[in-house]
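Descriptive analysis of the structure
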Amino acid sequence: MVQPLKEPNKISAHEVTDPAIYFNRRNFIRAGILAAGAVATGLAYRRLNPVGTGGVKTAPIEGLTAAATNGATGFSVAEAETSFEDITHYNNFYEFSTDKEGVAPAAANFDTKGWQVSVEGLVRKPRVFDLGDLLKISPPEERIYRMRCVEAWSMVIPWAGFSLSKLLDVVEPLGEAKYVAFETLLDPKRMPGQRSDVLKWPYVEGLRMDEAMHPLTLLASGLYGRALPPQDGAPLRLVIPWKYGFKGIKSIVKIKLVAAQPRTSWNEYASNEYGFYANVNPHVDHPRWSQATEQRIGESGRRPTLMFNGYAEQVAQLYAGMDLRANF
Ligand SMILES: Nc1nc2c(c(=O)[nH]1)N[C@H]1C(S)=C(S)[C@@H](COP(=O)(O)O)O[C@H]1N2
Ligand SMILES: [Mo]
C-alpha cells in the first residue's frame, strides 16, 4: 500500500524496484547459505540455526510441536518456506516505517518488556493478561501458512502460536458477542511512525466471531521457532491465512468482544479499496491492480492467487450465501 499513498516524487528508488528483481538479487547473495541449509531442514535444525538471521536475535520457543490437527487440514502447507531473512526484512508495519526495508532497523530496539493484553467487552471473565500468562494458555504449535498481502506479493511462513479460540474460551464470550475488535499499542515514543498521520492510530482490526473462533485463526508469538522479531509484530500478533495480510494486526494490546462490526484501519483509510472481510479472492480485483496473480517472494515469475488463499476447503462455508463482491 506504500506506493499509492505517496506522491511520485517521494517514492525512493528501491521502492519502485520490482519485488522479483529485488529478491532475485538477494537470493543470489544467500544462495550458498541456502544450499547448506537445504540438506538439514526440519524444526530442530531451524530452531537452532535460522537461515540468515541478519542480526535478529530473539529467544527460541520452548516446547514447540506440530499442530494437533484432529484430522483437520490446512495447518501446514507443503510449499517452500520463505527465508527468515526475507520474512524479517520485507515488512509492512507503518508504526515504524512505510518503507518495507526500513521497518527492521526502525523497530530493532522496540522493547516489549512488561507487555500486557487486555481481553474485555462482552465476556464473562474479562482479564488483563501478562504476556507470559497468556502464552501458557496452550502449548505453542508450528503452523506453516501462506501469507498473501493485498499488494499482490506472498510468502510461506512457519509461525508459532495457538488458535485464538483458546484465548477466547478462557474469557468466556457472552451470547451477544458477534465480533472481535483488536488494537495495536499506541505509543509514538516507541513507535515513531505514529508521529505521522499516514493512518489513524492505533491500528485496529476486527473479525466476525465465527472467523475468530476458526481453528486456523492464529495468535502468533513466533516464527521459525523463535519469538517474533519486532518487525513482524512482537510480542503477539494475529494471523488469518485466508485473508489479506493487513488483517494480521501486530503488537496487540487489546482484544474486545463486541456486538457490532468494529471499524478497521485500512477500511477507514479507503473503504472502496479495503473491505472489512478482506478474504483473498483472485476474482475481485483491487480498484488499482489485479488480484489474479501474485509474486511469491524468493521465486521468479508470478503464480496464480488461490481462492481464500488456498484455504477454501477449510473456510468457504463461513461465507456461504454471501455476495463476495459486495462483502470484499
Ligand atoms: N499494527 C500493524 N499491523 C499490521 C500492519 C501495520 O502496518 N501495522 N501491516 C499489515 C500488513 S499490510 C501486512 S501485509 C502484514 C505484514 O506482516 P509481516 O511484515 O510480518 O510480513 O502485517 C499487517 N499488520
Ligand atoms: Mo499487506
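Above: the structure in question.
Within each chain, residues carry numbers counting from 1 in the order of the written sequence. Just so you know, chain letters begin at A and ligand numbers begin at 1, following the order they were written in. Whole-chain, interface and lining totals are the exception, using all residues; otherwise, since this is a predicted model, local features are given only for residues with pLDDT of at least 70 and side-chain atom pairs are given and counted only at 80 or more. Based on all heavy atoms of the structure, the side-chain values leave hydrogens and waters out of the count.

Turning our eyes to something else, we now look at the overall build of the chain. Numbering of helices and strands starts at the N terminus; helices are DSSP runs of H or I of at least 4 residues and strands are runs of E of at least 2. Within the chain one finds ten helices and 13 strands. Residue burial is assigned from relative accessible area. The probe radius is 1.4 Å, only protein chains are included, and a residue is buried under 20% of its type maximum, exposed over 50%, and partly exposed in between. By the burial criterion, 53% of the 328 residues in the chain qualify as buried. Looking at the chain alone, contacts between residues at least 24 apart form 74% of all its contacts between residues at least 6 apart. The contact rule is simple, with two residues in contact once any of their heavy atoms fall within 4.5 Å.

Next up on the list: the packing of aromatic side chains. Here the aromatic set is Phe, Tyr and Trp, taking the six-membered ring for Trp, and pairing holds for ring centres within 6.5 Å; pairs whose planes are under 30 degrees apart are stacked, those over 60 apart are edge-to-face, and all others are tilted. All chains considered together, the criterion is met by 14 aromatic pairs. Ring centres of tyrosine 90 and tryptophan 153 lie 5.1 Å apart, and the angle between their planes is 75°; on these two criteria the pair is classed as edge-to-face. Of this pair, tyrosine 90 sits in the loop between helix H4 (84–87) and helix H5 (103–107) while tryptophan 153 sits in strand S5 (residues 153–163), and the two are 63 residues apart along the sequence. Classification of tyrosine 90 as buried rests on a relative accessible area of 10%. Since its relative accessible area comes to 5%, tryptophan 153 is described here as buried. Aromatic side chains phenylalanine 246 and tyrosine 274 sit 5.6 Å apart centroid to centroid with 80° between the ring planes, which places their arrangement in the edge-to-face category.

Using only the protein atoms, space was sampled on a 1 Å grid; points where a 1.4 Å probe fits but cannot get out form cavities, open sets with protein on both sides within 12 Å along at least five of seven lines form pockets, and lining residues are those with an atom within 4 Å of a point. Grid points are joined across faces, edges and corners, and a volume is the space filled by probe spheres set on the points. Roughly 400 Å³ of internal volume is contained in the second largest pocket. Around the second largest pocket, the lining is made up of 24 residues, and of these Leu131, Leu135, Ser221, Ala227 and Pro235 lie nearest the centre. Residue assignment for the lining of the second largest pocket shows that the elements contributing at least two residues are helix H6 (131–135), S5 and strand S8 (218–223). Examining the composition of the lining of the second largest pocket, we find that three residues originate from one element, S8, more than from any other. The classification used treats Ala, Val, Leu, Ile, Met, Phe, Trp, Tyr, Cys and Pro as nonpolar, Asp, Glu, Lys and Arg as charged, and all other residues, Gly among them, as polar. Taken together, the residues of the lining of the second largest pocket sort by class into 16 nonpolar, five polar and three charged.

Turning to empty space enclosed by the protein, a few remarks are in order. Summed over all chains, the structure comprises two cavities of 30 Å³ or more. There is about 310 Å³ of room inside the largest cavity. A per-element tally of the lining of the largest cavity places S5 first, with three residues. Here the lining of the largest cavity is composed, by residue class, of 14 nonpolar, five polar and four charged. Roughly 90 Å³ of volume is contained in the second largest cavity. For the second largest cavity, the lining is made up of 14 residues, of which Met147, Val239, Ile240, Lys243 and Gly245 are closest to its centre. Taken together, the elements giving at least two residues each to the lining of the second largest cavity come down to strand S4 (141–148) and strand S10 (237–239). Residues belonging to the lining of the second largest cavity are distributed by class as follows: seven nonpolar, two polar and five charged.

Another point: the site of ligand 1. Definition of nearness: a residue and a molecule or strand are near each other if at least one heavy atom of the residue lies within 4 Å of the molecule or strand. Taken together, 17 residues form the shell around ligand 1, and within it Tyr94, Glu95, Asp232, Arg237 and Lys250 come nearest. N or O atoms closer than or at 3.5 Å make up a polar contact, with two conditions inside protein: a donor-capable atom paired with an acceptor-capable one, and, for residues adjacent in sequence, both atoms drawn from side chains. Taking tyrosine 94, its main chain carries an N or O atom lying 2.8 Å from an oxygen atom of ligand 1. At a separation of 2.7 Å, an oxygen atom of ligand 1 approaches a polar side-chain atom of arginine 237. Note that accessible areas follow from Shrake-Rupley with a 1.4 Å probe, and for residues the cover is restricted to the protein chains shown. In the complex, the protein chains occlude 99% of the 540 Å² of accessible area that ligand 1 would expose alone.

On to the sheet that holds strand S7 (residues 204–208), then. Spatially, five strands are ordered S3-S2-S11-S6-S7 in an open sheet, and the strand pairing comes out mixed. In this open sheet, the two strands that pair with only one neighbour each are strand S3 (127–130) and S7. Sheet twist, expressed as the mean angle between neighbouring strand axes with direction ignored, is 15°. Relative to strand S11 (residues 252–258), strand S6 (residues 179–184) runs antiparallel, the two sharing six bridges. Counterpart to alanine 181 in the pairing with S11 is lysine 256. Note on pairing: DSSP must find at least two bridges between two strands before they are called paired. Axis definition: a line fitted to C-alpha atoms, limited for helices to the stretch in contact. Angles are taken between N-to-C directions and run from 0 to 180 degrees.

In this section: helix H7 (residues 164–171). Each full turn of the α-helix corresponds to 3.6 residues, which orients residues three or four apart in the same direction. Burial in H7 covers these residues: Leu164, Ser165, Leu167, Leu168 and Val171. In a view along the axis of H7, the buried residues occupy a sector of 160°, so they form one face of it. Positive phi shows up at glutamate 172, right after H7, with a value of about 60°. Note that the arc is defined by the directions from the helix axis to the C-beta atoms.

All right, on to the pattern of salt bridges then. Here a salt bridge means any side-chain nitrogen of Lys or Arg lying within 4 Å of a carboxyl oxygen belonging to Asp or Glu. Scanning all chains against the criterion turns up 20 salt bridges. Here arginine 190 makes a salt bridge to aspartate 187, at a shortest N to O gap of 3.4 Å. Using a relative accessible area of 17% as the deciding quantity, one classes aspartate 187 as buried. Measuring nitrogen to oxygen at the nearest pair gives 2.6 Å for the salt bridge that ties glutamate 299 to arginine 303. On the accessibility criterion, arginine 303 (26% relative accessible area) is partly exposed. Here the residues in one salt-bridge network are Glu79, Arg146, Arg148, Glu294, Arg296, Glu299 and Arg303, joined through shared partners.

Most of S7 sits out of view: five of its five residues are buried. The alternating pattern of S7 places Val204, Gly206 and Arg208 and Glu205 and Leu207 on opposite faces, both of which are buried. Sheet topology note: the S6/S7 ladder contains five bridges and is antiparallel. Its bridge partner lying in S7, alanine 181 is registered against glycine 206.

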